[in-house]
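If you want the building blocks of each chain, they are given just below.
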Amino acid sequence: MADTFGSKQTDVAVRDDVKDYYGKILKKTADLKSKACVPGAKPTRGYIRKALDELHPEVIARYYGCGLLVPECVAGCRVLDLGCGSGSDCYVLSRLVGQSGHVTGIDMTEEQLEVARKYMDYHTQRFGYKKPNVDFVQGYIETLREAGVEEASYDIIISNCVVNLSPDKASVLREAYRVLKNGGELYFSDVYSNARISESLRADKVLWGECLSGALWWEDLMRLAEEIGFTVPRLVSANIISIGNEQLEKILGDYKFASATYRLFKLSKNSEKKGCLVMYDGNIMGSEEKFEFDAKYTFKVNEVVEVDGDTAEILKSSRFAEEFTFQPQPGCRAASGTCRAEPEVMLDPFKQAQQFGGVTVASSTGGCCGPQESCCE
């Protein structure tokens, strides 16, 4: 499977093109030439909306993500944002992780980071913090080590419509795995294609900058995740993308695109994956009545649910452990391994979007690239 754009020289050229596109050509969200990478229209939950309303207008104006990306249960966590841009997601998470948490944003584009850093003091004062709990690092998401990002140092990694812009997606995922703690999560929104994109289209600078020709075939994400050591990706939300540009649609031909949010977890190599019964306690902010974990599992408060081995181990090993009560399956013989269960999860974002009419299935934030209407303007 080809997981890089080509040679190192070609990869550097692609990076430079993306830096120019997002640093010099695009000055605001409205400058985008397609609807592939604009926020979704699903209403944002109240506590996130409140944090969003506190952001400086210039930070919001330079926003190019696929919908505000905020995973649940982040208080006190260390969060890394891959491709943070002007810092919108970082500052919202800065508000939600609290003074005891920390958010790091990394981006290769000087112009974007200049905006993000410009308003650190503004947001620190606005949030009532004694000192900043956010920092911004210039670097490449394929080489986090070179940017000084330490191994096993983050609870959560987010990425918002950025992985598709990388010419070496395998390196992005490997580095994410390296810097996550055991039990940590990569929670990211991106654009996916229904087949591998041809080399001729991958060479188109505009299509690449518009998050289209660099899109990963969704099946390749499954293979990469397994090779690197992540759990099976859990599909959170999916929407079919309407390009909204006849010229670009003609060039793309039969290729279809979907936006999707997946969650991937890093578990200990020695973890035991045994199915069990779980009961959600209702203490996650914004999910007091039900917690929509992925397209398969929605946990209602105080309701006992039987989960497969992968899901059980994810919940037990991650930041969600304190939010659930765990019980063994009745009649299950743990020593014999008869509790072990393979996850039966929806992986295909195109099928999921079609099944639900293209509407985001489960996200506290509006998911990725839904019906194309900005939630930030």
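Given the structure is predicted, the values throughout are model-derived calculations rather than measurements.

Calculation criteria
- Each residue is numbered by its place in its chain's sequence as written, counting from 1.
- For this predicted model, a pLDDT threshold of at least 70 governs which residues receive local features, and a threshold of 80 or more governs which side-chain atom pairs are given and counted, while totals over whole chains, interfaces and linings are taken from all residues.
- With hydrogens and water set aside, each side-chain value is computed from the structure's full complement of heavy atoms.
- Buried residues are those whose accessible area, probed at 1.4 Å on protein chains only, stays under 20% of the maximum for their type, while exposed residues exceed 50% and partly exposed ones sit between those limits.
- Each helix is a run of H or I in the DSSP string that is no shorter than four residues. Each strand is a run of E no shorter than two, and both are numbered from the N terminus.
- Note on pairing: two strands pair once DSSP finds at least 2 bridges between them.
- For this text, the term disulfide refers to a pair of cysteine sulfurs within 2.5 Å.
- Every axis in this analysis is a line fitted to C-alpha atoms, fitted for helices over the stretch in contact. Angles between the N-to-C directions lie between 0 and 180 degrees.
- What sets the label is the angle itself: under 35 degrees gives roughly parallel, over 145 gives roughly antiparallel, 65 to 115 gives roughly perpendicular, and the rest give oblique.
- In this scheme the crossing of two helices becomes right-handed for a clockwise turn of the near helix relative to the far one and left-handed for an anticlockwise turn of less than a right angle.
- By definition, residues are in contact when any of their heavy atoms lie within 4.5 Å.
- Each residue receives one of three labels: charged for Asp, Glu, Lys and Arg, nonpolar for Ala, Val, Leu, Ile, Met, Phe, Trp, Tyr, Cys and Pro, and polar for the others, Gly being one of them.
- We define a salt bridge as a contact between a side-chain nitrogen of Lys or Arg and a carboxyl oxygen of Asp or Glu at a distance within 4 Å.
- Side-chain rings of Phe, Tyr and Trp (the six-membered ring for Trp) are treated as a pair once their centres are within 6.5 Å; stacked means planes under 30 degrees apart, edge-to-face means over 60, and tilted covers the remaining angles.

A. Fine view of the pairing of strand 7 (residues 234-240). The buried count for strand 7 comes to six of seven residues, which makes it a mostly enclosed element. Pairing of strand 7 with strand 8 (residues 257-265) involves six bridges; the strand directions are antiparallel. Pairing of Ser237 across the sheet is with Thr261, part of strand 8.

B. Examining the state of the cysteines more closely. Under the defined criterion, the tally for this structure stands at zero disulfides. Lacking any disulfide linkage, Cys73 is separated from the closest cysteine sulfur, that of Cys77, by 6.7 Å. With a relative accessible area of 6%, Cys77 lands in the buried category.

C. The packing of helix 7 (residues 169-179) against helix 10 (residues 218-228), seen in detail. Put simply, helix 7 and helix 10 touch, their axes get as near as 10 Å, and they point 40° apart. By the criterion of interaxial angle, the relationship of helix 7 to helix 10 is oblique. Pair helix 7 / helix 10 crosses with right-handed handedness. Taking contact as the criterion, the partners of Ala170, Leu173, Arg174 and Tyr177 in helix 7 are, on helix 10, Leu221, Leu224 and Ile228. Tallied by class, residues from the contact of helix 7 with helix 10 come to six nonpolar, no polar and one charged.

D. Fine view of the pattern of salt bridges. A complete count under the given rule lists 19 salt bridges for this structure. As a salt-bridge pair, Arg95 and Glu54 come within 2.8 Å of each other at their nearest N and O atoms. Of this pair, Arg95 sits in helix 4 (residues 88-97) while Glu54 sits in the loop between helix 2 (46-53) and helix 3 (57-61), placing them 41 residues apart in sequence. For Glu54, a relative accessible area of 11% puts it in the buried group. Of the charged contacts in the structure, one is a salt bridge between Asp155 and Lys181, with a shortest N-O distance of 3.2 Å. Remark: Lys181 occurs in strand 5 (residues 180-193) and Asp155 occurs in strand 4 (residues 154-160); sequence separation between them is 26 residues. What makes Lys181 partly exposed here is its relative accessible area of 28%.

E. Representation of the packing of aromatic side chains within the structure. If you walk through the whole model with that rule in mind, you get 17 aromatic pairs. Aromatic pair Phe127 and Tyr129: ring centres 5.8 Å apart, planes at 65°, arrangement edge-to-face. Between Tyr280 and Phe291, the aromatic rings sit 5.9 Å apart at their centres with planes inclined by 45°, giving tilted as the arrangement. On the criterion of sequence distance, the pair formed by Tyr280 in strand 9 (residues 276-280) and Phe291 in strand 10 (residues 290-292) is long-range, its members being 11 residues apart. Judged by its relative accessible area of 0%, Tyr280 is buried. Classification of Phe291 by relative accessible area gives buried; the value is 0%.

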